[in-house]
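Coordinate inspection notes
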Amino acid sequence: MEGNVKLATVEDAVEYRLFLIPDEPRDPEKHKEILQKYIEKIMTHFAPMLVPYIWQNQPFNLKYKPGKGDVPAHMFGMTKFGDNIEDEWFIVYVVKQITKEFPELVARIEDNDGEFLLIEAADFLPKWLDPDNSANRVFFHQGELCIIPASRKPGAISWLPPTPPTIPQALNIISTHPEKILASESIQAAVNRRIRGYPEKIQASLHRAHCFLPAGIVAVLKQRPRLVAAGVQAFYLRDPVDLRACRIFKTFSPETRIMTSVTFTKCLYAQLVQQRFVPDRRSGYKMPPPSHPQYRAHELGMKLAHGFEILCSKCSPHFSDSKKSFMTTSPLWAGFLESLKKNDYFKGLIEGSAQYQTRLEMAKNYFQLSVNRPESSLALSPGEEILTLLQTIPFDIEELKKEEANLPPEDDDQWLDLSPDQLDQLLHEAAGKKEAEPISKKEEQNYDLTQVSESMKAFISKVSTHQGAELPREPSEAPITFDADSFLNYFDKILGPRPHESDSDDLDDEDFECLDSDDDLDLKTQETGEEASLKGTLNDLKSYMAQMDQELAHTSIGKSFTTQKQMEPLSQTTSNNSDEEDSGAGGSVMTPVDVDLNLVSNILESYSSQAGLAGPASNLLQSMGVQLPDNTDHRATSKPMQD
């Protein structure tokens, strides 16, 4: 009966804090009153955008949080966004807009991963910034992302603390030096790319579908569209104990089902569609054959009804009446409603009309959840809220059935079945890269393979540490540069000089800086004993390498590489064959390997063996901005570069 069931895990959550600057000493009660007024202003101003939003788990909310330790009193909110990462980035957009609308506020935002804004812009961060020193450095102020810099030398900049700042220090810096702490344009662009398109993007994240649902659920969703999220989550995270309540439906009888239109987020719709599930025979939910034109509507309705039944089964039949009293008795409600009218929340609708009442109910629900949140012990669970609505709102099944004839059309769900090309395009957009244009026939014929070898050389020349290796910038960001002389000189001085060079093992300052410039070391500061030790180590290394060369000269491994002699004209190659055999026997002369040719040849062989699929060769080259043309010659070639 049961398909794949997702086990409940620790939910992802995002926390956001809003501070008032300048952070001057204030009377605690007066400060609390000021912050609570800001909460009311913020939630009212952004109500038109926040009220209709369908959250995966929890809505955007703010409450007063008193000061503790070195963290002053502030406005605090936390939202569990679960599987829908778009909720988190929508909150980033909202927080950014709050600081733009209220420039005296400074915002800080984190999630389970910590400074996720820095993670998003990881490719563009300055080298000094890492998880160990990023605490209390990242803020939003006046709609801009700010990063408080670190002083390279303690005391060099008077207004920068020598250690990561405390919150009061950070607020003071933002207040006094706002122009000096703006994040770079590339970092700003990386974050803005994720929130680009809001608030219009909200509509694009929704999916409307027809569902064959019990009339009670239809009535509930008309009053509380957001409860669709709770119903989907209850079904998606169900366990065998939950399904016991669905053997016989006590709250939502299948006999009352009608066709209706339900608005999901794309995340919720995907969760509901992708799980295979067969209802218990005792439940009464009989499904038409898969070929039936309304099979999908029946399937969606059946799954959603199971979710709502599970929610209601977890409630006590006589839960506290104090929970049922709606929170509009709060003295804040009248002012909140008046502010909504001033902000044109009702869009000129006639008071008392059906559409006006719908928006009013949504505003009441929003006020209860986000503005005047009760303590957790008094808050209604989704199941209790559903049962309360069923007891308080009248609905006529016959009237609801009449609406079946005028349902809006369903949205196309082709986005669930992405082609490989569409998936690649989405991944490129998520990474902030433009999709590579296909290579033309003319470009294929004139393709310059030197960019492959040059890109690999640039990659090898980068400094690597225990944290990983740096990839060269893409061609669109910076041209690939490679100092071949410096690169070869360094290895010559370790492995041995070339015949025309002097036998010197000293590393000059320029070469050392090229290899390890981040450490700012100077060889002149080393003692004579250390220099002698280094020279002895290099001599030993050269000796080992010479012995290895001698041993390899008597094996066939050298034949697997293309040498420079093999690429000379045929006449020269023929005359030198006997010399090459003599050198192989004597071991005194070794033919140099053509490094570039072997490199490109092996990469092309690896790329060809991928047969158009992802693999190490294409992944490495794409990360360096190199796009190879498609392989039109499917014959196996051991040395594709020699033709």
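Described below are features of the structure shown in this document. Here the structure is a predicted model, which means the values were calculated and not measured.

Conventions used here
Per chain, residue numbering runs from 1 following the sequence as it is written. The predicted origin of the model limits local features to residues at a pLDDT of at least 70 and limits the giving and counting of side-chain atom pairs to 80 or more, whereas totals for whole chains, interfaces and linings rest on all residues. For the side-chain quantities, the full set of heavy atoms in the structure was used; hydrogens and water were omitted. In this text, helices come from DSSP runs of H or I with a minimum length of four residues, and strands from runs of E with a minimum of two, each type numbered from the N-terminal end. Any residue under 20% of the maximum accessible area for its type is buried, any over 50% is exposed, and the rest in between are partly exposed; the area is computed with a 1.4 Å probe on protein chains only. Computed with a 1.4 Å probe, the accessible areas rest on the Shrake-Rupley method; for each residue, only the protein chains presented here act as cover. Two rings from Phe, Tyr or Trp (for Trp, the six-membered ring) form a pair when their centres sit within 6.5 Å of each other. Planes less than 30 degrees apart are called stacked, planes more than 60 degrees apart edge-to-face, and all others tilted. A ring has a charge above it when a Lys NZ or an Arg CZ is no more than 6 Å from the ring centre and no more than 35 degrees off the ring normal. Strands qualify as paired when DSSP identifies two bridges or more between them. Orientation is described by axes fitted as lines to C-alpha atoms, over the contacting stretch for helices, and by angles from 0 to 180 degrees between their N-to-C directions. Whether two residues are in contact is decided by their heavy atoms: any pair within 4.5 Å suffices. Helix span, expected: 1.5 Å multiplied by one less than the number of residues in the helix. Patch membership requires over 30% relative accessible area and the absence of a salt bridge. Like charges are linked within 9 Å, and nonpolar side chains (Val, Leu, Ile, Met, Phe, Trp, Tyr) within 5 Å. One side-chain nitrogen of Lys or Arg within 4 Å of one carboxyl oxygen of Asp or Glu is enough to make a salt bridge. These descriptions rest on fixed angle ranges, namely under 35 degrees for roughly parallel, over 145 for roughly antiparallel, 65 to 115 for roughly perpendicular, and the rest for oblique. Charged means Asp, Glu, Lys or Arg here, nonpolar means Ala, Val, Leu, Ile, Met, Phe, Trp, Tyr, Cys or Pro, and polar covers whatever is left, Gly included. Residues belong to one nonpolar core when they are buried, are Ala, Val, Leu, Ile, Met, Phe, Trp, Tyr or Cys, and are joined through side-chain atoms within 4.5 Å. Space inside and on the surface of the protein is sampled on a 1 Å grid over the protein atoms alone, with a cavity defined as a set of points where a 1.4 Å probe fits but cannot get out and a pocket as an open set with protein on both sides within 12 Å along at least 5 of 7 lines; lining residues have an atom within 4 Å of a point. Grid points are joined across faces, edges and corners, and a volume is the space filled by probe spheres set on the points.

So, about the overall build of the chain. A tally of helices and strands in the chain yields 27 helices and ten strands. Classification of the 643 residues of the chain by burial places 37% in the buried group. For the chain, the exposed area adds up to about 37100 Å²; of that, 52% sits on carbon and sulfur atoms.

Evaluated as defined, the whole model comprises 15 aromatic pairs. Stacked on the ring of Phe235, the Lys or Arg Arg238 has its end atom at 4.2 Å from the ring centre. Between Arg359 and the ring centre of Tyr345, over which it is positioned, the NZ or CZ distance is 4.5 Å.

Spatially, six strands are ordered E2-E3-E1-E4-E5-E6 in an open sheet, and the strand pairing comes out antiparallel. What marks the edges here is a single partner per strand, and that holds for strand E2 (63-65) and strand E6 (144-147). When the angles between neighbouring strand axes are averaged without regard to direction, this sheet yields 35°. In the packing of helix H1 (residues 28-45) onto the sheet, the strands contacted are strand E1 (13-20), E2, strand E3 (74-80) and strand E4 (105-111), and the crossing angle to E2 comes to about 155°.

Note: α-helices contain 3.6 residues per turn, so residues at a spacing of three or four share the same orientation. Spanning 18 residues, H1 covers 26 Å between terminal C-alpha atoms, matching the ideal 26 Å at 1.5 Å per step. Those residues of H1 that sit buried are His31, Leu35, Tyr38, Ile39, Ile42, Met43 and Thr44.

On to a nonpolar patch on the surface. Side chains of Leu552, Ile557, Phe561, Val593 and Val595 sit close together on the surface and give an oily, nonpolar patch of about 410 Å² of accessible area. The topology assignment puts Val593 in the loop between helix H25 (577-586) and helix H26 (595-609).

For the pair helix H8 (residues 215-223) and helix H12 (residues 295-313), interaxial distance at closest approach is 11 Å and the crossing angle is 80°. On the basis of the axis angle, H8 is roughly perpendicular to H12. Between H8 and H12, the residues in contact are Ile217, Val220 and Leu221 and Leu304, Ala305 and Phe308, respectively. When grouped by side-chain class, the residues that make up the contact of H8 with H12 number six nonpolar, no polar and no charged.

Opposite charge on two side chains permits pairing when their charged atoms draw close. The final tally for this structure, using the stated rule, is 18 salt bridges. Close ionic contact of Glu86 with Lys201 constitutes a salt bridge, the shortest N to O distance being 3.6 Å. Residue Glu86 is found in helix H3 (residues 85-101), and its partner Lys201 is found in helix H7 (residues 201-204); the two are separated by 115 residues along the sequence. The partly exposed category is assigned to Glu86, whose relative accessible area is 24%. Of the residues examined, Lys201 reaches a relative accessible area of 27% and is grouped as partly exposed. Members of the salt-bridge network, linked through shared partners, are Arg224, Arg226, Glu361, Lys364 and Glu385.

Bringing the nonpolar core into the picture now. What tends to happen in soluble globular proteins is that the nonpolar side chains get buried as a cluster. Ile42, Phe60, Phe90, Ile109 and Leu117 are the most contacted members of the largest nonpolar core, which has 61 residues in total. Looking at this core, the element that brings in the most residues is H3, giving eight residues. Residues in contact with Phe90, not counting those within four places in the same chain, are Met49, Leu50, Tyr53, Trp55, Tyr198 and Ile202. Within the second largest apolar cluster, 45 residues are counted, among which are Ile54, Val232, Met302 and Leu400.

The subject of this paragraph is H8. The element H8 is extensively covered by neighbouring structure, given that seven of its nine residues are classed as buried. Those residues of H8 lying buried are Ala215, Gly216, Ile217, Val218, Ala219, Val220 and Leu221. On its buried face, H8 sits against strand E7 (206-214), helix H9 (227-236), strand E8 (257-265), H12, helix H16 (382-392) and helix H17 (397-402).

By the definition in use, this model includes one cavity of 30 Å³ or more. A volume near 30 Å³ is recorded for the largest cavity. For the largest cavity, the full set of lining residues is Val218, Lys222, Ile258, Met259, Thr260, Leu400, Glu403 and Leu407. Contributing elements (two or more residues each) for the lining of the largest cavity: H8 and E8. Per-element accounting of the lining of the largest cavity gives the leading share, three residues, to E8.

With that settled, the discussion passes to the environment of Leu18. Following the sequence through the fold, Leu18 ends up in strand E1. On the basis of relative accessible area, Leu18 is assigned to the buried category, the value being 2%. The spacing of Leu18 and Val95 is 77 residues in sequence and 8.5 Å in space, taken between C-alpha atoms.

Moving on, we get to the packing of H9 against H12. Relative to each other, H9 and H12 sit at 90°, their axes nearing to 7 Å. Regarding the angle of H9 to H12, the classification is roughly perpendicular. Packed against H9, whose contacting residues are Leu227, Val228, Ala230, Gly231, Val232, Ala234 and Phe235, the element H12 presents Lys303, Leu304, His306, Gly307, Phe308, Ile310 and Leu311 at the interface. In terms of residue class, the contact of H9 with H12 is built from ten nonpolar, three polar and one charged.

Bringing the pairing of strand E5 (residues 138-141) into the picture now. A two-sided burial pattern is seen for E5, the buried positions comprising Val138 and Phe140 on one face and Phe139 and His141 on the other. The pairing of E4 with E5 spans two bridges and is antiparallel. Within the sheet, the bridge partner assigned to Val106 lies in E5 and is His141. The sheet contact formed by E5 and E6 spans four bridges and is antiparallel. When the sheet's bridge partners are listed, Phe139 is paired in E6 with Cys146.

All quantities given are derived from atomic positions and should not be read as evidence of function.
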